[in-house]
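Here is what each chain is made of, one letter per residue.
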Amino acid sequence: MAGFDDLASERSKAQFDVEEMKVIWAGSRHTLEVSDRISRLVANDPVFRKDTRTMLSRKDLFKNTLRKAAHAWKRIIELRLSEEEAAELRFYVDEPAFMDLHWGMFIPTIKGQGTEEQQQKWLPLAYKMKIIGCYAQTELGHGSNVQGLETTATFDPQTDEFIIHSPTLTSSKWWPGGLGKVSTHAVVYGRLIIDSKDYGVNGFIVQLRSLDDHLPLPGITIGDIGMKFGSGAYNTMDNGVLRFDHVRIPRDQMLMRVSQVTREGKLVQSNVPWQLVYGTMVYVRQKIVSDASCALSRAVCIATRYSAVRRQFGLQSNGIETQVIDYKTQQSRLFPLLASAYAFRFVGEWLKWLYMDVNQRLQASDFSTLPEAHACTAGLKSLTTSATADGIEECRKLCGGHGYLCSSGLPELFAVYIPACTYEGDNIVLLLQVARFLIKTVSQLGSGKEPVGTTVYMGRVEQLMQCHCAVQKAEDWLKPSVILEAFEARSMRMSVASAQNLAKFDNQEEGFLELSADLVQAAVAHCQLIVVSKFIEKLQQDIPGKGVKGQLEALCNIYALFILHKHLGDFLSTGCITPKQASLANAQLRSLYSQVRPNAIALVDAFNYTDHYLSSVLGRYDGNVYPKLYEEAWKDPLNDSVVPDGYQEYIQPILKQQLRNARL
Ligand SMILES: CCCCC/C=C\C/C=C\C/C=C\CCC(=O)SCCNC(=O)CCNC(=O)[C@H](O)C(C)(C)COP(=O)(O)OP(=O)(O)OC[C@H]1O[C@@H](n2cnc3c(N)ncnc32)[C@H](O)[C@@H]1OP(=O)(O)O
Ligand SMILES: Cc1cc2nc3c(=O)[nH]c(=O)nc-3n(C[C@H](O)[C@H](O)[C@H](O)COP(=O)(O)OP(=O)(O)OC[C@H]3O[C@@H](n4cnc5c(N)ncnc54)[C@H](O)[C@@H]3O)c2cc1C
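Calculation notes
For every chain, the first residue of the written sequence is number 1, and numbering continues from 1 onward in sequence order. By the order in which they are written, chains take letters starting at A while ligands take numbers starting at 1. Given that the model is predicted, a residue must reach a pLDDT of at least 70 before its local features are reported, and side-chain atom pairs must reach 80 or more before they are shown or counted; all residues, however, enter totals for whole chains, interfaces and linings. A residue counts as near a molecule or strand when its C-beta atom, positioned from the backbone, falls within 6 Å of it. In this text, helices come from DSSP runs of H or I with a minimum length of four residues, and strands from runs of E with a minimum of two, each type numbered from the N-terminal end. Note on residue classes: Ala, Val, Leu, Ile, Met, Phe, Trp, Tyr, Cys and Pro are nonpolar, Asp, Glu, Lys and Arg are charged, and everything else, Gly too, is polar. We call two residues in contact whenever the C-beta atoms placed from their backbones are within 7 Å. A residue is called partly exposed when the number of other C-beta atoms within 10 Å of its own lies between 12 and 20, exposed at 12 or fewer, and buried at 20 or more, with C-beta atoms placed from the backbone. UniProt positions are given in the numbering used here, feature names are shortened, and annotations may be inferred rather than shown by experiment. Only C-alpha atoms enter the line fits that serve as axes; for helices the fit covers just the stretch in contact. Angles between N-to-C directions range over 0 to 180 degrees. To sort the angles, those under 35 degrees are grouped as roughly parallel, those over 145 as roughly antiparallel, those from 65 to 115 as roughly perpendicular, and the leftovers as oblique. Each residue gets a pLDDT score, which is the predictor's confidence in that residue and runs from 0 to 100. Pairing between two strands requires that DSSP report at least two bridges joining them. Here the expected length of a helix is defined as 1.5 Å per residue gap, with one fewer gap than residues. The arc in question is the one traced by the directions running from the helix axis out to the C-beta atoms. Each crossing gets its handedness from the near helix: less than a right angle anticlockwise from the far helix is left-handed, clockwise is right-handed. Fitting axes to the seven residues that end at a residue and to the seven that start at it, the angle between those axes gives the bend at that residue.

A. Representation of the site of ligand 2. Around ligand 2 sit 21 residues in total, of which Q137, T138, G143, S144 and W175 are the nearest. Elements that contribute at least two residues to the shell around ligand 2 include exactly β1 (133-136) and α12 (427-443). If you tally residues by element for the shell around ligand 2, the top one is α12, at three residues. Across the shell around ligand 2, the residue classes tally to 11 nonpolar, eight polar and two charged.

Structure follows, in structure tokens:
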């Protein structure tokens with residue numbers, strides 16, 4: 001039967017050890033074991049079903065999410081799951097919910113910005129879920145501009161309290177997930193005011209709702225901000241609005257790792273940089289990069305399996321049509337996304353390491369790598385989420401008409417994913433942060449301060465400004481050193497050109513605004529270089545398993561040459577490569593697609609996703625697409641009755657009217 005046979009035959013063609021690739025994708029044998037076990041546990045639990053999600057009203061959808069979250073928590077306790085297993089369970093439940101913000105932002109904020117004492121007081125309550133917290137930073141009037149927040153936290157020396165207040169409509173907290181209906185507490189960001197003096201934005205732990213009856217505490221107005229894009233999707237989350245009317249909290253509820261307010265109302269700065277107040281954002285951006293590879297690989301898995309099952313045109317001698325995956329156009333759209341999923345996986349792994357490293361250094365009062373950690377997390381969050389959002393939509397198109405059906409899983413995945421381009425920092429705003437970092441690095445070249453980390457290549461500025469690409473034949477593009485040099489030279493030249501143009505302005509800030517579109521492009525070039533170089537570094541590790549390394553090399557080259565092809569203008573205009581070399585890169589890319597083609601299904605099998613997680617008729621492991629699509633259609637509530645509700649009121653009168661007209 002079509003589908004079953006197609007995927008089985010594809011799997012038999014694989015030229016590498018899929019089980020070993022699963023380990024590489026998961027990160028380790030241990031992680032694979034955990035994620036495999038937990039994903040099956042979730043898939044086999046009827047409470048975690050997802051198939052009716054797009055058909056529920058907002059209220060039913062939300063209540064169902066609460067039910068799932070409560071059940072997930074119950075299972076975590078019953079099975080005594082470790083922190084790692086619990087996080088996997090929440091991941092595979094696959095429904096945005098207040099839990100994400102509680103575990104993903106509220107707890108990390110207390111850990112990162114609270115003193116030892118504050119951590120000892122609040123973390124046990126949060127870990128046991130005796131309180132539920134969210135992250136209330138964004139306001140109706142300000143999101144990107146954190147320093148523009150208007151909420152005030154005024155110290156009252158008489159009572160040793162802060163008075164939290166929303167002085168204007170635009171100071172209403174707006175967007176925090178989990179705030180609208182669930183959270184009992186929030187970390188609220190507001191301006192610290194002591195003795196009428198404004199000391200800028202700080203975080204405060206504020207109780208919002210009673211722990212007895214869940215009613216808002218006095219002075220607090222709170223609610224949900226309303227339906228968001230798509231059906232189901234992010235509407236399982238209670239993004240909220242919050243206003244304070246002179247709400248009092250004890251002084252020790254200001255998060256005081258960065259600065260402390262004494263009983264006398266004196267502000268004392270610690271020896272840590274004030275930017276640590278922004279620390280949770282660095283943590284979450286790093287996490288979002290890892291998650292991008294999950295969302296993209298999920299869409300790619302669906303589109304790849306379906307492309308092997310779907311046949312159109314080109315009758316072969318045996319009378320069957322061509323699998324659409326065999327069309328070169330399909331490959332040239334699909335395989336770069338497959339390669340990007342792997343690329344984002346590895347850069348995510350590296351970023352996790354970078355984040356851990358920066359944290360260890362911070363514990364030892366070494367703050368030197370913080371600016372780089374900020375630039376890398378901001379830039380890679382922007383790059384990977386934009387590419388993933390676009391990639392999911394491309395996968396929908398790759399599935400033709402059926403991709404538009406909710407049962408394909410792609411519309412909901414897209415709707416859930418796209419806010420990642422906005423939350424945790426608008427992607428353009430974040431690239432501008434990278435651009436500032438690059439300009440600073442360029443301006444310090446020659447000053448004796450050597451660039452470090454991901455900007456170390458900038459130390460070779462003279463060589464990179466002059467080098468000529470050595471490619472003479474298509475296969476030369478397979479050399480990692482050739483690819484790296486082309487990407488480094490492009491990024492170096494774009495940053496230097498931006499810095500030179502900026503230097504022409506008397507006022508640097510005005511110049512920065514004027515040149516911001518170019519600066520963003522330079523930031524993108526730098527971030528793409530990071531992704532390419534981390535993929536290449538990954539390949540230098542010991543990679544066991546028959547054929548695994550070869551497949552990863554092909555994917556790495558596809559990613560790099562696809563980016564080169566997409567941004568050809570940059571590479572040509574900076575003189576990094578010639579038009580002839582560009583055309584050789586294209587020829588090499590075509591040949592790489594042919595190399596990946598027989599392995600495509602096995603490469604997506606290596607993600608080890610259950611059908612439950614994919615929630616897609618088109619992406620089913622067994623390829624049994626058509627009977628299941630047919631079956632799925634009949635489940636739609638519209639098909640509950642043969643004659644629809646409303647027939648007598650609305651259809652019949654029209655038909656009767658037409659009949660009369662026809663007789664006239
Ligand atoms: C489902 C799985 C769970 C996974 C994770 C869990 C949960 C997440 C899941 C889903 C997400 C759900 C919700 C998302 C939640 C949110 O959206 S929370 C709100 C996030 N808000 C933002 O991201 C706001 C974006 N704005 C900013 O970050 C900053 O304000 C800014 C744009 C970077 C500031 O710009 P600017 O005015 O220039 O800077 P400022 O004067 O404030 O700072 C100047 C110096 O500070 C450096 N810097 C800036 N940010 C950081 C940082 N984060 N870390 C370290 N350093 C930073 C900056 O580089 C400047 O340094 P100089 O040396 O002075 O140049
Ligand atoms: C689903 C979702 C969940 C969220 N969850 C939370 C949460 O839990 N807690 C929380 O505190 N917040 C949350 N947010 C808010 C989120 O962090 C902000 O929306 C985000 O930081 C973007 O800020 P903004 O909305 O102010 O966008 P704006 O800054 O108003 O952006 C609007 C446009 O202006 C452009 N722009 C802005 N500034 C500049 C500039 N300097 N230069 C050039 N262009 C610029 C942007 O690129 C964009 O195109 C959430 C948002 C969403 C969508």
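After that view, the rundown keeps rolling.
B. Highlighting the environment of V188. In this fold, V188 is placed in strand β5 (residues 185-194). Sequence-wise, V188 and M254 are 66 residues apart; in three dimensions their C-alpha atoms are separated by 9.3 Å. Not counting the four nearest positions on each side in its chain, V188 is found in contact with A136, T151, I164, K173, F204 and V206.

C. Representation of the environment of D252 within the structure. Residue position: D252 is located in the loop between β9 (247-250) and β10 (259-261). Its 17 C-beta neighbours within 10 Å are what place D252 among the partly exposed residues. Taking the C-alpha atoms as reference points, D252 and G114, separated by 138 residues in sequence, lie 10.0 Å from one another.

D. Structural detail: the UniProt feature "domain: Acyl-coenzyme A oxidase N-terminal" (unreviewed entry) in the protein chain. In the UniProt entry, the feature "domain: Acyl-coenzyme A oxidase N-terminal" (unreviewed entry) is given for residues 17-132. Summarising residues 17-132: 72% helix, 0% strand, and an end-to-end C-alpha distance of 44 Å.

E. Just the site of ligand 1, in detail. By nearness alone, 27 residues border ligand 1, and G104, V146, Y278, H374 and G425 come closest of all. Mapped onto the shell around ligand 1, the elements with two or more residues apiece are α6 (98-113), α8 (279-309), α10 (370-398) and α12. When residues in the shell around ligand 1 are grouped by element, the largest group, five residues, is from α8.

F. Region of interest: the packing of α10 against helix α16 (residues 516-539). Two numbers describe how α10 lies on α16: the axes approach to 10 Å, and their chain directions differ by 90°. Considered as vectors, α10 and α16 are oriented roughly perpendicular to each other. Between α10 and α16, the contacting residues are C376, G379, L380 and L383 on the first element and A523, V524, H526, C527, Q528, I530 and V531 on the second.

G. Representation of the confidence of the model for the protein chain within the structure. Scored by pLDDT, the protein chain comes out at a mean of 96, with 98% of its residues at no less than 70. Across the whole predicted complex the pTM is 0.97, and at the interface the ipTM reaches 0.98.

H. Layout of the pairing of strand β6 (residues 197-207). In this sheet, β6 lies alongside β5 in antiparallel orientation, the contact comprising nine bridges. The residue of β6 that forms the bridge with I193 is D198. Counted between consecutive antiparallel strands, the loop separating β5 from β6 contains two residues, among which D195 sits at a positive phi close to 50°.

I. Local environment of helix α4 (residues 58-78). The end-to-end C-alpha distance of α4 is 30 Å, a good match for the 30 Å that 21 residues give at a rise of 1.5 Å each. Inspection of α4 places F62, T65, K68, A69 and A72 among the buried residues, and these make up the whole buried set. All buried residues of α4 lie within an arc of 115° about the axis, which places them on one face of the element. Opposite the packed face of α4, turned more than 90 degrees from it, sit the exposed residues K59, D60, K63, R67, A70, K74, I77 and E78. Check the buried side of α4 and you find it contacts α5 (83-93) and α6. Following α4 by one or two positions, R80 adopts a phi angle in the positive range, close to 50°.

J. Quick look at unusual backbone geometry. A positive phi angle, near 50°, is found at D195, a position not held by glycine. Relative to the helices and strands, D195 resides in the loop between β5 and β6. Backbone geometry at S196 places phi at a positive 70°, although glycine is not the residue there. Inspection of the secondary structure puts S196 in the loop between β5 and β6. By C-beta crowding, S196 is classed as exposed, having 6 other C-beta atoms within 10 Å.

K. Highlighting the UniProt feature "domain: Acyl-CoA oxidase C-terminal" (unreviewed entry) in the protein chain. Here, UniProt's "domain: Acyl-CoA oxidase C-terminal" (unreviewed entry) annotation points to residues 480-656. As a span, residues 480-656 carries 72% helix and 0% strand, and end to end its C-alpha atoms are 73 Å apart.

L. Layout of the packing of α8 against helix α9 (residues 328-363). Where α8 meets α9, the axes come as close as 8 Å, and the angle between the chain directions of the two elements is 155°. Looking at the two axes, α8 sits roughly antiparallel to α9. For the crossing formed where α8 meets α9, the hand is left-handed. Counted by class, the contact of α8 with α9 contains 14 nonpolar, nine polar and two charged residues.

M. The arrangement of α8 in detail. End to end, α8 covers 46 Å across 31 residues, agreeing with the expected 45 Å (1.5 Å per residue, within 8%). Most pronounced at S290, the bend in α8 amounts to some 25°. Summarising burial for α8: 28 of the 31 residues are buried, a large majority.

N. Main features of the sheet that holds strand β8 (residues 240-244). The sheet built from three strands is open, its strands ordered β4-β8-β7 with antiparallel pairing. This sheet does not close on itself; its edge strands, each paired only once, are β4 (173-174) and β7 (220-224). Pairing of β7 with β8 involves five bridges; the strand directions are antiparallel. Opposite I222, over in β8, you have L242 as the bridge partner.

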